[in-house]
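In case you want the letters, here they are:
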Amino acid sequence: MPQQLDKLIFDRTAADVAQLKAVTAKLVDRAATAEEQAAFLAGMKGAYNDTDLNRVGAAVAYLTARLGSLGYHVNTMPVTDWQEGDIPSPAQMAQYLANIAALRDRLPYVAPDTPEDMEGLTYQEANAIEEILYTLEDVLEAMQAAFLPRQANTLFMIAGGVFNHA
């Protein structure tokens with residue numbers, strides 16, 4: 001898996017969210033330990049912040065380019081320069097999800113649905129966003145593997161049809 005996809009997170013749990021809430025409450029009460037403060041600052045799995053937005057943006061950029069190299073044009077506008085403290089606008093988040101939907105819908109495969117919006121994002125929806133991107137790479141790898149048998153430097157599809165490549 002390319003490094004843009006290696007760090008995708010799609011195994012968040014209710015326990016991750018509960019841990020985040022507990023640490024946040026301790027931070028508000030000024031009762032958090034140094035270890036809890038460090039974990040919070042490093043980015044806890046139960047949160048969704050600039051590091052998540054940038055990780056997904058990098059994966060969208062990679063997959064958009066990868067699909068383009070295979071002849072599948074996808075119109076996306078990924079952002080990869082979110083900073084701590086940035087507050088994304090509703091329009092920016094709509095584009096963020098539109099990028100995911102455009103990639104998801106470009107190839108036929110079964111995957112989670114793209115969330116409708118980012119308002120009240122659940123850990124399941126956050127998982128779905130990143131799982132879609134990870135699964136898309138698996139589909140692309142499987143498609144390319146299906147075209148591996150060669151004859152006279154021309155790719156032959158397993159079903160017997162000829163796929164000429166440039």
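Look up: the structure comes first, before these words.
Residues numbered from 1 in each chain as written. Predicted model: local features only at pLDDT ≥ 70, side-chain atom pairs only at ≥ 80, totals over all residues. Heavy atoms only, no water.

A. Local environment of the side chain of Asp16. Inspection of the secondary structure puts Asp16 in helix H2 (residues 14–28). Salt bridges are absent for the buried Asp16, whose nearest opposite-charge side chain, Lys45, sits at 4.0 Å. When near neighbours in sequence (up to four residues on either side) are disregarded, Asp16 contacts Asp11, Lys45 and Gly46. (Helix = DSSP H or I, 4+ residues; strand = E, 2+ residues; numbered from the N terminus. Buried < 20%, exposed > 50% of the residue type's maximum accessible area, 1.4 Å probe, protein only. Lys, Arg positive; Asp, Glu negative; His and termini not counted. Salt bridge = Lys/Arg side-chain N within 4 Å of Asp/Glu carboxyl O. Contact = heavy atoms within 4.5 Å.)

B. Up close: helix H4 (residues 50–69). The terminal C-alpha atoms of H4, which comprises 20 residues, lie 29 Å apart, in line with the 28 Å expected from a rise of 1.5 Å per residue. With 14 of 20 residues buried, H4 lies mostly within the body of the structure. (Expected span 1.5 Å × (residues − 1).)

C. The arrangement of the packing of H2 against helix H3 (residues 34–42) in detail. Their axes nearest at 10 Å, the elements H2 and H3 cross at an angle of 115 degrees. Every pair of crossing elements has a handedness; the one defined by H2 and H3 is left-handed. Counted together, Leu20, Val23, Thr24, Lys26 and Leu27 of H2 and Glu36, Gln37 and Phe40 of H3 form the full contact between these two elements. In terms of residue class, the contact of H2 with H3 is built from 4 nonpolar, 2 polar and 2 charged. (Axes fitted to C-alpha atoms, helices over the stretch in contact; angles between N-to-C directions. Left-handed = near helix turned anticlockwise from the far one by under 90°. Nonpolar A, V, L, I, M, F, W, Y, C, P; charged D, E, K, R; others polar.)

D. Main features of the pattern of salt bridges. In this structure the tally under the stated criterion is 9 salt bridges. Of the charged contacts in the structure, one is a salt bridge between Asp11 and Lys45, with a shortest N-O distance of 3.0 Å. With a gap of 34 residues between them, Asp11 in the loop between helix H1 (3–6) and H2 and Lys45 in the loop between H3 and H4 connect regions that are remote in the sequence. Classification of Lys45 as partly exposed rests on a relative accessible area of 34%.

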